[in-house]
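Per-entry structural report
Spelled out, the chains give:
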Amino acid sequence: MRIALLPDIHANLPALEAVLADAEREGAEALYHLGDLVGYAPWPDEVVALLRQRGIAGVAGNYDSTVATDYAHCGCRYEDPRQEALSHESYAWTRAHVSAATKAHLAALPFRLDLVATGGHLAGPRVILVHGAPTLNTLYWTEDRSDDFCRKMAGHAGARAGDLIAVGHTHRPWHRVVDGVQFLNAGSVGRPKDGDWRACYALVELTTAGISARHARVEYDVGRATAAIRASDLPDDFALQLERGGA
Ligand SMILES: [Fe+2]
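Throughout, a residue's number is its position along its own chain's written sequence, starting from 1. Two thresholds apply to this predicted model, a pLDDT of at least 70 for residue-level local features and 80 or more for giving and counting side-chain atom pairs, whereas whole-chain, interface and lining totals are computed over all residues. Heavy atoms from the whole structure form the basis of all side-chain values; hydrogens and water molecules are not counted.

**Brief notes about the coordination of the iron ion**
- Counted as donors are N, O and S atoms no farther than 2.8 Å from the metal, or 3.2 Å for Na, K and Ca; water is not among the atoms, and sites may therefore look incomplete. Protein coordination at the iron ion: the donors are D8 (OD), H10 (NE2), D36 (OD) and H171 (NE2), at 2.1 to 2.3 Å from the metal.
- All geometry calls rest on donor angles, where a four-donor set with angles between 85 and 135 degrees is tetrahedral, four- and six-donor sets with opposite donors more than 155 degrees apart and all others between 65 and 115 are square planar and octahedral, and all else is irregular. Here the iron ion binds four donor atoms, and the angle range of 82 to 177° at the metal identifies the geometry as irregular.

This is the structure we're talking about:
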């Protein structure tokens with residue numbers, strides 16, 4: 001079974017549309033999102049509506065659970081006062097613009113989803129979906145974390161050799177194996193931060209024999225996204241970040 005994992009869409013409708021088309025071309029039989037559906041771009045309701053229309057389930061990102069619960073801030077990390085101010089502007093804009101239906105959908109997202117080959121009818125590996133880490137959706141699991149950190153997370157998740165734990169949240173794709181457990185950061189569909197502006201998602205092959213995974217990069221109409229950001233009350237910085245694939 002080929003599964004597409006859609007991380008950190010962040011209200012970027014053109015990026016989501018391009019990734020859905022690409023996943024179809026790739027023959028993905030099932031699609032799941034990894035949370036952070038909203039924030040930073042002007043299509044929160046449209047993104048949630050499209051995912052619902054396509055029946056795409058997924059897990060709660062920090063942005064989803066904070067918007068849904070009217071939390072004080074989005075749970076995002078900032079490296080300087082400017083980033084902090086921008087983060088607050090995005091959060092306030094998003095909270096002011098999401099519909100009640102969108103909020104209800106975000107509130108209902110689960111923390112974690114497990115995918116088991118053949119539904120567990122035969123023994124096989126598991127794909128475990130969370131947004132940040134198995135313990136917390138605000139934890140930034142960067143590529144430079146130690147093997148020990150990965151082992152700890154595998155332990156928290158109850159993952160065994162052969163399983164795969166998929167996350168997003170950092171907006172930077174990576175893939176590694178520790179003690180036979182695969183760890184995959186799927187990147188970000190709508191707000192990549194690795195210097196590549198193209199939408200990023202992951203394709204996972206899940207069989208009773210094992211799991212393989214790879215990233216896919218997709219060109220999309222970034223001009224449509226940046227024009228809509230500049231035409232909105234969102235800070236223009238977010239348009240620049242999309243063009244550059246990062247800060
Ligand atoms: Fe995110």
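**Brief notes about the nonpolar core**
- Ranked by internal contacts, the top residues of the largest apolar core, which has 49 residues, are L6, L37 and Y201.
- In this description a helix means any DSSP run of H or I spanning at least four residues, a strand means any run of E spanning at least two, and both kinds are numbered starting from the N terminus. Counting residues per element, this core draws most heavily on helix α1 (residues 13–25), at seven residues.
- We call two residues in contact when some of their heavy atoms are within 4.5 Å. Excluding residues that lie within four positions of it along the chain, L37 makes contacts with I9, H10, A11, V47, V48, L51, D64, H105, L106 and L109.
- Counting 18 residues, the second largest nonpolar core, distinct from the first, contains A30, L184, A186 and I211. Throughout, nonpolar core names a set of buried Ala, Val, Leu, Ile, Met, Phe, Trp, Tyr and Cys residues whose side chains join them through atoms within 4.5 Å. Relative accessibility decides the category of a residue: with a 1.4 Å probe and only protein chains considered, values under 20% of the type maximum give buried, values over 50% give exposed, and everything between is partly exposed.

**Things to note about the packing of aromatic side chains**
- Paired rings are identified among Phe, Tyr and Trp, the last through its six-membered ring, by centres lying within 6.5 Å, and are further divided according to the angle between planes into stacked (under 30 degrees), edge-to-face (over 60) and tilted (the rest). Overall, the coordinates contain seven aromatic pairs when judged by the stated rule.
- Here W141 and W174 contribute two aromatic rings whose centre-to-centre distance is 5.9 Å and whose plane-to-plane angle is 55°, an arrangement assigned as tilted. Of this pair, W141 sits in the loop between β5 (126–129) and α6 (147–157) while W174 is found in strand β7 (residues 174–178), placing the two residues 33 residues apart along the sequence.
- Take W141: its relative accessible area is 0%, and that puts it in the buried class.
- Arranged with centres 5.8 Å apart and planes meeting at 50°, the rings of W197 and Y220 form a pair that is tilted. Here W197 is found in the loop between β8 (181–185) and β9 (199–206), whereas its partner Y220 is found in the loop between β10 (211–218) and α7 (222–231), with 23 residues between them in sequence.

**Focus: empty space enclosed by the protein**
- In this analysis, the protein atoms alone were mapped onto a 1 Å grid. Cavities are point sets where a 1.4 Å probe fits without being able to get out; pockets are open sets with protein on both sides within 12 Å along at least five of seven lines; lining residues have an atom within 4 Å of a point. Grid points are joined across faces, edges and corners, and a volume is the space filled by probe spheres set on the points. Going through the model one piece at a time under the given rule, you end up with one cavity of 30 Å³ or more.
- Empty space within the largest cavity amounts to approximately 30 Å³.
- Taken together, the residues of the lining of the largest cavity break down into five nonpolar, two polar and one charged. In this classification, the charged set is Asp, Glu, Lys and Arg, the nonpolar set is Ala, Val, Leu, Ile, Met, Phe, Trp, Tyr, Cys and Pro, and all remaining amino acids, among them Gly, are polar.

**A word on the pairing of strand β6 (residues 164–167)**
- On β6, burial covers both faces: L164 and A166 on one face and I165 and V167 on the other are all buried.
- Pairing analysis gives three bridges linking β5 to β6, with the strands arranged parallel. Bridge pairing in β6 links V127 to L164.
- Orient the strands so they point away from the viewer, and a crossover whose first-strand-to-second-strand path over the helix runs clockwise is right-handed. Once the chain exits β5 it traverses α6 before rejoining the sheet at β6, and the crossover so formed is right-handed. If DSSP finds at least two bridges between two strands, the strands pair.

**Focus on the pattern of salt bridges**
- By definition here, a salt bridge exists when the distance from a side-chain nitrogen of Lys or Arg to a carboxyl oxygen of Asp or Glu is within 4 Å. Summed over all chains, the structure comprises 17 salt bridges.
- For R176, the salt bridge goes to D147, with nearest N and O atoms at 2.7 Å. Pair noted here: R176 is in strand β7 and D147 is in helix α6, with a separation of 29 residues, a long-range link.
- Of the residues examined, D147 reaches a relative accessible area of 38% and is grouped as partly exposed.
- Between R217 and D194 there is a salt bridge, and its shortest N-O distance comes to 2.7 Å. With R217 in strand β10 and D194 in the loop between β8 and β9, this residue pair connects regions lying 23 residues apart in the sequence.

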